[in-house]
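Coordinate analysis (summary)
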Amino acid sequence: MIKRLRVSNFRSLGSDLVIEFEQLTVFVGQNGAGKSNIMDALLFVADALHMGLQGAIAQRAGIQAVRRWSDGHPLNMRIGIDLLLPTGPANYEFEIVGDKTLEYRVKREIAHLTVDGVNHYFRVEDKVWTSSAELRPSVTPTALALPAVAGDARFAPLADFLKSISTYSIFPDTLRCAQKYDPSKPMLRHGENWASILHDQPEDTWKPDLIAAMQKLTGDVQNIKVERAAGLLVPRVLHASGSKREKWFDVGQESDGTLRAAGIITALLQEPPVPVIGVEEPELTIHPGAVSILVDYLRQASRKSQVIVCTHSPEMLDLVGPDEVRVVTREAGITGVRRLDTAQVDAVRNKVMSLGELQRTIGLRPQLDLDLMAGA
C-alpha cells in the first residue's frame, strides 16, 4: 500500500508536500482546491511506467501543464512514493528540472525495495549510476530508468505495483454506448472497456453484487448480462415491473446515476483486485440517499485494495472516520493537504457533530502545523 506521497510543484501542489494515506483515504476540499491533482500525481507515475515519461507528459499537454507555474526559473518537480509491498518496504522518487537545451530533464531518480530480506536499490543523478545490482541501462536525460529495469526480478515488484495504480472518473455516456471488445486490464479510467471487464471476469465475482446494488438503486433490476451485437459488446439489464412482467433493456436506457454507480462498483469488484483504486467524486449524479450503497462497496474493496476517494458529499463523510479524511486547501494558487483539525476530530468522536454536519455548516478545517499553533 501507499504510505506517503511526497511531492513538489506538480500542477498546483506546493513544495515539499507530504500526504499520508490510510487503507481508505478520503480527500475533501472546495472546487479547484487541487483534489484531482493529488490523484493525478499518482496516476502520472503509473502512466510514466506504462507509456514512458515523455508519453505521460505529452498526454497532459506538455511539461508546462504538469509543472507548477513560475514567472521565473522553472520550478523543480519532484514525486516520491513510500510504499509497503508484500515483499517489504519500498520507495521511489524522481525529480525533473528545467534545461537550457531540452524542454526538461530527469535530474535524479531513486528506487529502493526489500525482497526476501535483501535490499535492492539504484540511484541515478546527473547520469551517474549507483546500484546494488549490475544494472546500467541506457537512459536518455528525458526518460526514467525504472521502466528499463522493470523486467529484473529484483525491481519488478516495485514497478508492477506502481503501474497498477488506477484512478476512475466514470462517464455514464461512455458506458451507455456499445463497446468494442478490449482485453486490456484493469478497467480504463472512464469505463471505455467496462463491457469487456464484465464479459471476461467470472460472473460469480461481480454479478451478484452488481445486481444487488442496481436493485437497491432502481428497485426493479433482476439480472444483467453482456451480449454480442454486430461485433460489439452490449450490457443488458432485466427489469421487472410492478405487474411482475420482465423485460430486458439495453444498458443505454439506464439513468446517469445508475450507470455511474455500476461503473464504479465494477471497478471496485475487479479480480484480481487492483492494488490502488482512486475514485473521483463517486457521488456525482447519484441520489444522496444512495450514497451509502457506494460507501459499502468502497469499504468492502478497501479490504483487498487501497482505496482513495475525492468527494464533496456530506452524506459520504458521515460514513467514514475522521482519521481517514484529508482536507485539501488552496491559498495563493498553491494546494496544501492536512489531516482534519483536532477540535473537529474531537467533536466527531464525542458525537457533538458528524463529519457531514461539519461540512454543511462551517466546513472541514485542516489541522494546524505545531509551529503555527505554538506561535498563535
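The coordinates are above.
Residues numbered from 1 in each chain as written. Predicted model: local features only at pLDDT ≥ 70, side-chain atom pairs only at ≥ 80, totals over all residues. Heavy atoms only, no water.

1. Here we look at the overall build of the protein chain
- The number of helices and strands found in the protein chain is 13 helices and 17 strands.
- Here the protein chain has a C-alpha radius of gyration of 22 Å; the compact-globule value for 376 residues is 21 Å, and the two agree.
- Along the first, second and third principal axes, the C-alpha atoms of the protein chain reach 75 × 55 × 45 Å.
- Looking at the protein chain as a whole, 51% of its 376 residues are labelled buried.
- Long-range contacts, defined as pairs at least 24 residues apart, comprise 57% of the intrachain contacts of the protein chain with a sequence gap of at least 6. (Helix = DSSP H or I, 4+ residues; strand = E, 2+ residues; numbered from the N terminus. Rg over C-alpha atoms; globule rule 2.2 N^0.38 Å. Buried < 20%, exposed > 50% of the residue type's maximum accessible area, 1.4 Å probe, protein only. Contact = heavy atoms within 4.5 Å.)

2. Some words on the sheet that holds strand β8 (residues 128-131)
- Read from one edge to the other, the open sheet built from seven strands follows the order β2-β1-β4-β5-β6-β7-β8, with strand pairing classed as antiparallel. The sheet is open, and its two borders are formed by β2 (17-20) and β8, each paired with just one other strand. Taken pair by pair, the neighbouring strands of this sheet meet at an average axis angle of 5°, ignoring direction.
- One ladder, built from four bridges, connects strand β7 (residues 118-125) with β8; its direction is antiparallel. Residue pairing for β8: Glu125 is matched across the bridge by Val128.
- Here helix α1 (residues 35-59) sits on the sheet and contacts β1 (2-8), β2, β4 (77-85), β5 (88-97) and β6 (105-115); the angle it forms with β4, its principal contact strand, is near 90°.
- Packing of helix α4 (residues 156-163) onto the sheet brings it into contact with β1, β4, β5 and β6, and relative to β4 it is tilted by some 110°. (Pairing = 2+ DSSP bridges. Axes fitted to C-alpha atoms, helices over the stretch in contact; angles between N-to-C directions.)

3. Observations concerning the pattern of salt bridges
- A complete count under the given rule lists 30 salt bridges for this structure.
- Note that Arg154 and Asp152 form a salt bridge whose closest N and O atoms lie 2.7 Å from each other.
- The exposure class of Arg154 is partly exposed, given its relative accessible area of 30%.
- A salt bridge links Glu315 to Arg360; the shortest N-O distance between them is 3.4 Å. Placement of the pair is Glu315 in helix α10 (residues 314-317) and Arg360 in helix α12 (residues 355-361), with a sequence separation of 45 residues.
- Exposure remark for Glu315: the relative accessible area of 26% places this residue in the partly exposed category.
- Judged by relative accessible area, Arg360 falls into the partly exposed class, the value being 46%.
- One continuous salt-bridge network, built from bridges that share partners, spans Arg4, Arg6, Asp82 and Glu93. (Salt bridge = Lys/Arg side-chain N within 4 Å of Asp/Glu carboxyl O.)

4. Examining the sheet that holds strand β15 (residues 306-311)
- Pairing is mixed across the open sheet formed by six strands, whose spatial order is β9-β14-β15-β3-β16-β17. Bordering the open sheet on either side are β9 (166-168) and β17 (334-339), each of which pairs with just one other strand. Strand after strand, the sheet turns through a mean of 20° between neighbouring axes, direction not considered.
- Taken together, the five bridges between strand β3 (residues 24-28) and β15 define a ladder with parallel strand orientation. Following the sheet pairing, Val26 is matched in β15 by Val309.
- Together, β3, β9, β14 (276-280), β15, β16 (325-331) and β17 form the strand contacts of α1, whose direction differs from that of β15 by roughly 150°.

5. Describing helix α7 (residues 207-218)
- In this model, α7 (12 residues) spans 16 Å end to end at C-alpha, consistent with the 16 Å of a helix rising 1.5 Å per residue.
- When we look at burial in α7, the residues that qualify are Lys207, Leu210, Ile211, Ala213 and Met214. Down the axis of α7, the buried set is contained in an arc of 165°. They therefore lie on one face.
- Looking at the packing, one finds that the buried side of α7 touches α6 (194-200), β11 (221-229), β12 (232-240), α8 (256-268) and α9 (291-301).
- Gly219 sits one or two positions beyond α7 and adopts a positive phi of about 85°. (Expected span 1.5 Å × (residues − 1). Arc of directions from axis to C-beta.)

6. Things to note about the side chain of Glu95
- One can find Glu95 in strand β5.
- Relative accessible area serves as the criterion here: at 9%, Glu95 is assigned to the buried category.
- There is a polar contact of 2.2 Å between the side chain of Glu95 and the side chain of Arg108. (Polar contact = N/O pair within 3.5 Å; in protein donor to acceptor, adjacent residues only side chain to side chain.)

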